[in-house]
Amino acid sequence: MKAIGYTQSLPINNPQSLVDIELPKPSASGHDLLVQVKSIAVNPVDYKIRQNVEPDNGGYKVIGWDAVGEVIATGELVSHFNPGDKVYYAGDLNRSGSNAEYQLVDERIVGNKPRSLSDSEAAALPLTTITAWELLFERLSIKQQHANDKEQSSDIILIVGAAGGVGSMLVQLASVLTGATVIATASRESSAQWVKKLGADYVVDHSKPLKNQIEQLNIGQVTHVASLTHTDSYLDSYVDLLVPMGKIALIDDPESLDITKLKPKSLSLHWEFMFTRSMFQSKDLNEQHHILNKITDLIDQGYIQTTVGKNLGTINAENLRAAHEALESGKSIGKIVLEGF
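All figures in this text were calculated on a predicted structure; none of them were measured in a lab.

### Notes on the overall build of the chain
Okay, step 1: Helix and strand counts for the chain come out as 10 helices and 15 strands.
Okay, step 2: Over its C-alpha trace the chain gives a radius of gyration of 20 Å, about what one expects of a compact globule, namely 20 Å for 341 residues.
Okay, step 3: Expressed as lengths along the three principal axes of its C-alpha atoms, the size of the chain is roughly 60 × 45 × 35 Å.
Okay, step 4: Residue burial in the chain is summarised as follows: out of 341 residues, 52% are buried.
Okay, step 5: When the accessible area of the chain is evaluated, it comes to approximately 15,000 Å², of which 46% is carbon and sulfur surface.
Okay, step 6: Positive and negative side-chain charges in the chain, numbering 30 and 41 respectively, have mean positions lying 3 Å apart.

What follows is the structure, given as structure tokens:
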């Protein structure tokens, strides 16, 4: 089968940083699905792994953690899917990734692809959607409501870095499935318009002091913070803004955080990492299957939209290098997808 991989961590402008290769086609057993990959999305985790994780035993490492495909074969323990089913998933950091024609993936972290989306539109969703869902409902413990029968709550959630991949899904989920007031941050007019379109009630500029902007809204104190970027830079602002017993959830990797600042208000800090369940084979691993299927229903009913920014064409080493380069620049808008081999 065709695949794209690397043998050593190299700068993305080096042609050997990602190369076209041929690998044996894998076989499914246990809870695994053998999926023929149709479309993929590229995420920051891809280039972070490529930059920092060398392959084992001098072989090729194949990465990629967002895919849509067709189930070709199933292991003997599979109960959710059958050959021919169209699926989408974010995969498992411990296993070979989706930058290949065929991939093995545990059925318990796989969902049925939304029927109303194309393959590339659906490929943009799994990683950021699971992250946003777990952060909102599991880490921050915001009460989930029905999309067509919501009641306004006293929750006020501040989403910092709301125009990014996770933020774009988080704004939608908070708007559609909770009664919370949603304050999104964006520093450019185009980003501000984007998050308003996705359902944010208010938009503030994270390149300026947050407290004055939020106080001027005259809506009360923030109860929950979703910190999606530069948490170390904003921590003092969060402590200042939050109500006593408020909650902060983050997804980034600050080098250090002085959590003693949280004590006077009894604030809680929660880390969200969507690969935790698959990495540690948690007892509730199947929850990600349910999350993706709930999202599929919301999409097919018109409540949630995809976040594709750019389609870079065929899945090959040259186009994947371009995708990594765009993400590493920090200037990419929306999700980058590729389709077909």
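Next comes the rest of the description.
### Describing the sheet that holds strand β10 (residues 202-204)
Okay, step 1: Ordered by their spatial adjacency, 6 strands build an open sheet running β10-β9-β8-β11-β12-β13, and the pairing between neighbours is parallel. Two strands lie at the open edges of the sheet, namely β10 and β13 (268-271), each paired on one side alone. Neighbour to neighbour, the strand axes of the sheet diverge by 20 degrees on average, direction disregarded.
Okay, step 2: Examined bridge by bridge, strand β11 (residues 222-227) and strand β12 (residues 242-250) share 5 bridges and lie parallel to one another. Looking across to β12, one finds that A226 is bridged to A249.

Calculation notes
Once a new chain begins, its residue numbering starts again from 1 and follows that chain's sequence as written. Totals for whole chains, interfaces and linings use all residues, but because this is a predicted model, local features are given only for residues with pLDDT of at least 70 and pairs of side-chain atoms are given and counted only at 80 or more. Only hydrogens and water are removed before side-chain values are computed, so all heavy atoms of the structure are retained for them. Runs of H or I in DSSP of at least four residues are treated as helices and runs of E of at least two as strands, each being numbered from the N terminus. The quantity called the radius of gyration is restricted to C-alpha atoms. Its globule counterpart is 2.2 Å times the number of residues to the power 0.38. Burial classes: relative accessible area under 20% of the type maximum marks a residue as buried, over 50% as exposed, and values in between as partly exposed (1.4 Å probe, protein chains only). Computed with a 1.4 Å probe, the accessible areas rest on the Shrake-Rupley method; for each residue, only the protein chains presented here act as cover. Charge convention: Lys and Arg are scored as positive, Asp and Glu as negative, and His as well as the terminal groups of each chain are ignored. Lys charges are placed at NZ, Arg charges at CZ, Asp charges at CG and Glu charges at CD. Note: two strands are recorded as paired if DSSP finds a minimum of 2 bridges between them. In this analysis, axes come from line fits to C-alpha atoms, helices being fitted only over the stretch in contact, and the angle between any two N-to-C directions falls in the range 0 to 180 degrees.

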